[in-house]
Amino acid sequence: MSSLDEVAKRDGWRCWVCDEPVEAGMSVNDPRGPSVDARTADRKAKLAERLAHRACNSRKGAVKIVIAWPDRLNVIEPAPLLTVAERLERKGGRELVARCPSRKDAQEAADWLADRFTRLVPGLPVTTTVEPGGGQFLVALSAGRR
């Protein structure tokens, strides 16, 4: 098992669950304090340990966590991000992850996804595209194999 400092530095002091900053000086007993999540429910994960807030880690327990899409994004039927991340990491390819009513909404979602995936699956080269289709705009993620 790695030390808290090693994991936190590698993850840039950001919680992998909620994507919010984790304060280095906060007590590990505080709900917003740092903890190492061993991701016991995800045995196939390439990164066995990730930084999480104590509350985020405790709330998920040993079940598979759901990574929330921000409420500020106007997306319809957003895909479950951990499932998408696991498939892209395992075999690469392309996945449609959301529908949006406007190109602007789709581009905002694509920009957020590109940024979020740099922390969700570090080292996986992911690209996003926005494509028109059926009076709406589709957001896709693509990744090559590592």
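Before any of the text, the structure's been laid out above.
Residues numbered from 1 in each chain as written. Predicted model: local features only at pLDDT ≥ 70, side-chain atom pairs only at ≥ 80, totals over all residues. Heavy atoms only, no water.

## Side note on the packing of aromatic side chains
Note on aromatic pairs: each is described by the distance of the centres and the angle between the planes.
Piece 1. Within the structure shown, the criterion is met by one aromatic pair.
Piece 2. Plain terms: the ring middles of W69 and W112 are 5.4 Å apart, the flat faces sit at 40° to each other, and that makes the pair tilted. Taken together, the residues span a long stretch of sequence, with W69 in the loop between α2 (54-60) and α3 (81-91) and W112 in helix α4 (residues 103-120) at a distance of 43 residues. Considered together, W69 and W112 belong to a single accessibility category, that of buried residues. (Phe/Tyr/Trp six-rings, centres within 6.5 Å; stacked < 30°, edge-to-face > 60°. Helix = DSSP H or I, 4+ residues; strand = E, 2+ residues; numbered from the N terminus. Buried < 20%, exposed > 50% of the residue type's maximum accessible area, 1.4 Å probe, protein only.)

## Regarding α3
Piece 1. Every buried residue of α3 is accounted for by L81, L82, V84, A85, E86, L88 and E89.
Piece 2. Where α3 is buried, its residues contact β3 (93-100), α4 and β5 (136-143).
Piece 3. One or two residues past the end of α3 sits G92, with phi positive at roughly 70°. (Contact = heavy atoms within 4.5 Å.)

## Observations regarding the nonpolar core
Piece 1. Counting 39 residues, the largest nonpolar core has W69, L113, F117, L120 and V139 as its most contacted members.
Piece 2. Those elements that place two or more of their residues in this core are α1 (4-10), β2 (50-53), α3, β3, α4, β4 (126-133) and β5.
Piece 3. At seven residues, the largest contribution of residues to this core is made by α4.
Piece 4. Non-local contacts of F117, meaning those with residues more than four positions away in its chain, are made with L81, V84, A85, P122, V126 and L141. (Core = buried A, V, L, I, M, F, W, Y, C linked by side-chain atoms within 4.5 Å.)

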